[in-house]
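# Examining the three-dimensional arrangement
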Amino acid sequence: MGLATREAYGKALVKVGAENKNVVVLDADLSGSTKTAGFAKEFGDRFVNVGIAEQNLAGVAAGLASYGKIPFASTFAVFATGRAFEIIRNSICYPNLNVKIAATHAGITVGEDGGSHQSIEDIALMNALPNMSVIVPADARETEEVIKYAAKHEGPVYIRLGRLAVEDIFDDAYSYEHGKGVQLTEGNDVAIFSTGLMTAKAKEAAEVLKADGINARVIHIPTIKPIDRDIIEIAAKETKCIVTCEEHSVIGGLGSVVANVTSETYPTKVVKIGVDDVFGESATPAQLLEKHGLTTENIVKVIKENI
């Protein structure tokens, strides 16, 4: 098992901070959890703890960006996108400012913290904002690449990060390409589109299916917005159906975006695996993933039922 993407984020921040003195980091009194504490230790004069004031977090980041800084603003995803939504909309995206929102503890794998802290709607919220890019890395290596990209990209970026350690998908040769999906396995029976921690489970499902004579094409989508329309259209044309997997509501996330693309380009069956329009609850991450069908076994089951 590799690092949690939040851990990789903390390490990558220190690297980009050393390379670019315009990089500044803001946190809402959670630097130990968001892993921005490493940056604070190395570059204390470029770190701001705004306290438990998430709207202020976004507003201060906007102000710093307007003066040429490259702010990375971090807190838990449910607070970053929920409490600060209006500020992100009107003070960051509306003027198209160069702010990076790196939100940790996304999805149901926050676990025992419960439904109030489990953000299952953040992708939908950020995806709806003009000028915003939305990125969900799958592992530590990709997270590092995404942070390096975000520091150079001009404009608002939302980066969704997780609490749990995740399996390594990519090696040191991997390079993140904004707006592009990554095909991990070949197959023309079904296309599995996944993002975040679900990509490892999608790969495992493909291996199980192959043993049963079903060849699954696994496509990791790190960039939800802008979406890779070409890779979706090709998969729709070349496979029998599409299954999407995400640790997010089935409404407004990866599955919805993929279905929107196919409806406009090459209509095909799209089956969504995700949180089915309910709030989370307090339980272990493993129990929650099982309950909501975010497991290798359920991906296999759904695919067999639909092809």
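Heads up: these notes are all about the structure in this document.

Criteria and cut-off values
Each residue is numbered by its place in its chain's sequence as written, counting from 1. Restriction of local features to residues with pLDDT of at least 70 applies here, the model being predicted, together with a cutoff of 80 or more for giving and counting side-chain atom pairs; totals for whole chains, interfaces and linings are based on all residues. As a rule here, side-chain values come from all non-hydrogen atoms in the structure, and water together with hydrogens is ignored. By the criteria applied, helices consist of DSSP H or I runs no shorter than four residues and strands consist of E runs no shorter than two, each listed in order from the N terminus. The reference for a compact globule is 2.2 Å times residues^0.38; the radius of gyration itself is calculated from the C-alpha atoms. For every residue, the accessible area (1.4 Å probe, protein chains only) is compared with the maximum for its type, and the residue is labelled buried under 20%, exposed over 50%, or partly exposed between those bounds. For this analysis, residues touch if any pair of their heavy atoms sits within 4.5 Å. Methods summary: accessible areas were calculated by the Shrake-Rupley approach with a probe of 1.4 Å, and residue burial reflects only the protein chains presented. Residues scored as charged are limited to Lys and Arg (positive) and Asp and Glu (negative), so that His and the chain ends carry no count. One atom stands in for each charge, and that atom is NZ of Lys, CZ of Arg, CG of Asp or CD of Glu. Nonpolar cores were defined as sets of buried Ala, Val, Leu, Ile, Met, Phe, Trp, Tyr and Cys residues, with membership established by side-chain atoms within 4.5 Å. Picture the helix axis, draw a direction to every C-beta atom, and the arc is the one those directions span. Polar contact is defined as a pair of N or O atoms within 3.5 Å, subject to the rule that within protein one atom must be able to donate a hydrogen and the other to accept it, and that residues adjacent in sequence are counted only when both atoms are side-chain atoms. Axis angles are defined between N-to-C directions and span 0 to 180 degrees, where every axis is a line fitted to C-alpha atoms and, for a helix, only to the segment in contact. An angle counts as roughly parallel when it lies under 35 degrees, as roughly antiparallel when it exceeds 145, as roughly perpendicular when it falls between 65 and 115, and as oblique in every other case. Left-handed describes a crossing in which the near helix is turned anticlockwise from the far one by less than a right angle; the clockwise case is right-handed. Three classes are used: nonpolar for Ala, Val, Leu, Ile, Met, Phe, Trp, Tyr, Cys and Pro, charged for Asp, Glu, Lys and Arg, and polar for all others, with Gly counted as polar. Note: two strands are recorded as paired if DSSP finds a minimum of 2 bridges between them.

### Describing the overall build of the protein
Of the regular secondary structure elements, the protein holds 13 helices and twelve strands. Taking 19 Å as the expected radius of gyration for a compact globule of 307 residues, we find that the protein reaches 19 Å, a close match to that expectation. Along the three orthogonal principal directions, the C-alpha set of the protein runs to about 60 × 40 × 35 Å. Scored against the burial criterion, the 307 residues of the protein give a buried share of 58%. At a minimum sequence separation of 6, the contacts of the protein that also span at least 24 residues come to 79%. Here the protein has roughly 12400 Å² of accessible surface; of this, 48% comes from carbon and sulfur atoms. Measuring between centres, the 30 positive side-chain charges of the protein sit 3 Å from its 40 negative side-chain charges.

### What to know about the nonpolar core
In this structure, Ile-88, Ile-101, Met-132, Tyr-158, Phe-193, Ile-221 and Ile-224 are the most contacted members of the largest nonpolar core, which totals 45 residues. Among all residues touching Ile-101, those that are not within four sequence positions of it are Ala-73, Ala-80, Ile-88, Ile-92, Met-132, Val-157, Tyr-158 and Ile-159. With 28 residues, the next largest nonpolar core counts Ile-108, Ile-214, Ala-216 and Val-271 among its residues.

### Here's the deal with helix 10 (residues 229-238)
Those residues of helix 10 that sit buried are Ile-231, Ile-232, Ala-235 and Ala-236. Buried residues along helix 10 cover an arc of 135° about the axis, so they all sit on one side. Summarising the contacts, the buried residues of helix 10 are in contact with strand 7 (182-183), strand 8 (190-194), strand 9 (216-220), strand 11 (242-249) and helix 11 (254-265). N-capping of helix 10 is provided by Asp-228, with a side-chain oxygen placed 3.3 Å from the backbone N of Asp-230.

### Notes on unusual backbone geometry
Residue Pro-226 is bonded to the preceding Lys-225 through a cis peptide linkage, with omega at 0°. Along the chain, the position of Pro-226 falls in the loop between strand 10 (223-225) and helix 10. The phi dihedral of Lys-35 falls on the positive side, at around 70°, and the residue is not glycine. Looking at where Lys-35 falls in the secondary structure, it is placed in the loop between helix 2 (31-34) and helix 3 (37-42). Look at Lys-35 and you get partly exposed, because its relative accessible area is 24%.

### Let's talk about the side chain of His-105
Secondary-structure assignment places His-105 in the loop between strand 4 (100-103) and helix 7 (122-127). On the basis of relative accessible area, His-105 is assigned to the buried category, the value being 3%. Here Thr-104 takes part through its side chain, which lies 2.9 Å from a polar atom of the side chain of His-105. For His-105, the residues in contact, after removing those within four places along its chain, are Arg-6, Ser-33, Phe-76, Ala-77, Val-110, His-117, Leu-161, Gly-162 and Arg-163.

### Examining the packing of helix 10 against helix 11
Running from N to C, helix 10 and helix 11 point in directions that differ by 65°, and their axes come no closer than 10 Å. In this view, helix 10 runs roughly perpendicular relative to helix 11, as classed from their interaxial angle. The element helix 10 and its partner helix 11 pack so that their crossing is right-handed. On helix 11, the residues touching Arg-229, Ile-232, Glu-233 and Ala-236 of helix 10 are Val-258, Val-261, Thr-262, Glu-264 and Thr-265. Across the contact of helix 10 with helix 11, the residue classes break down as four nonpolar, two polar and three charged.

### Quick notes on the pairing of strand 4
Of the two faces of strand 4, both are covered, the one formed by Lys-100 and Ala-102 as well as the one formed by Ile-101 and Ala-103. Here two bridges tie strand 3 (residues 70-74) to strand 4, and the two strands are oriented parallel to one another. Residue Ala-73 lies in a different strand from strand 4, and its bridge partner there is Ile-101. Where strand 4 meets strand 6 (residues 157-160), four bridges bridge the pair, whose relative direction is parallel. Residue pairing for strand 6: Ala-102 is matched across the bridge by Ile-159.

### Regarding the sheet that holds strand 7
Taken together, the five strands give an open sheet; going across it, the order is 7-9-8-11-12, and neighbouring strands pair in mixed fashion. Pairing within the sheet leaves two strands with one partner each, and these edge strands are strand 7 and strand 12 (270-275). Sheet analysis places strand 7 next to strand 9, joined by two bridges and oriented antiparallel. Residue pairing across strands places Val-182 opposite His-220, the latter belonging to strand 9. Packed onto the sheet, helix 9 (residues 198-211) meets strand 8, strand 9 and strand 11 and runs at close to 170° relative to strand 9.

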